[in-house]
Amino acid sequence: FGSGSSSFALNSFSPKDPLAVISLLAFGTSVLASFPLMFLSMRNWFISKAVKIKLFSPVSNIPNMTALLLSCIGLLATQIRDIGKVGSLSGALFG
């Protein structure tokens, strides 16, 4: 515990523990299954805000907005190594 544990609690378990492996697989499946739903909501929110400030028309630039947002997410995912920072930021922003 303390500095000897990972900020992502499931990484602190032994890889030889079968229940920990099942937990990691369940968590990964949950993230993969819920990501499209969260992403579409986020993309639609960004599109509605961009249309409101007249940046572009809603239908013509959906692929561009999708590519831009996925690129930003990919860039952040490659740069942030500590999932605890993401959790802290989201907790601070969303309560």
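Structural data are supplied above this passage.
These numbers were taken from a predicted model, which means no experiment stands behind them. (Residues numbered from 1 in each chain as written. Predicted model: local features only at pLDDT ≥ 70, side-chain atom pairs only at ≥ 80, totals over all residues. Heavy atoms only, no water.)

## Remarks on helix α1 (residues 18-52)
- Taking 1.5 Å as the rise per residue, α1 with 35 residues should run 51 Å; its terminal C-alpha atoms sit 51 Å apart, in good agreement.
- Three or more residues of α1 are buried, namely A20, F39, R43, I47 and A50.
- Looking at the buried residues of α1, the elements they touch are α2 (62-79).
- The N-capping residue of α1, defined by a side-chain oxygen 3.3 Å from the backbone nitrogen of L19, is D17. (Helix = DSSP H or I, 4+ residues; strand = E, 2+ residues; numbered from the N terminus. Expected span 1.5 Å × (residues − 1). Buried < 20%, exposed > 50% of the residue type's maximum accessible area, 1.4 Å probe, protein only. Contact = heavy atoms within 4.5 Å. Polar contact = N/O pair within 3.5 Å; in protein donor to acceptor, adjacent residues only side chain to side chain.)

## Re the side chain of T66
- Checked against the element boundaries, T66 lands in helix α2.
- Of the residues examined, T66 reaches a relative accessible area of 19% and is grouped as buried.
- Of note is the side chain of T66, whose polar atom sits 3.3 Å from the side chain of R43.
- Residues within four places of T66 in sequence aside, it is in contact with F39 and R43.

## A look at the nonpolar core
- Of all hydrophobic cores here, the largest spans 6 residues; its members are F39, I47, A50, F56, M65 and L69.
- Mapped onto this core, the elements with two or more residues apiece are α1 and α2.
- Apart from residues no more than four positions distant in its own chain, L69 is found in contact with F39, M42, R43 and F46. (Core = buried A, V, L, I, M, F, W, Y, C linked by side-chain atoms within 4.5 Å.)

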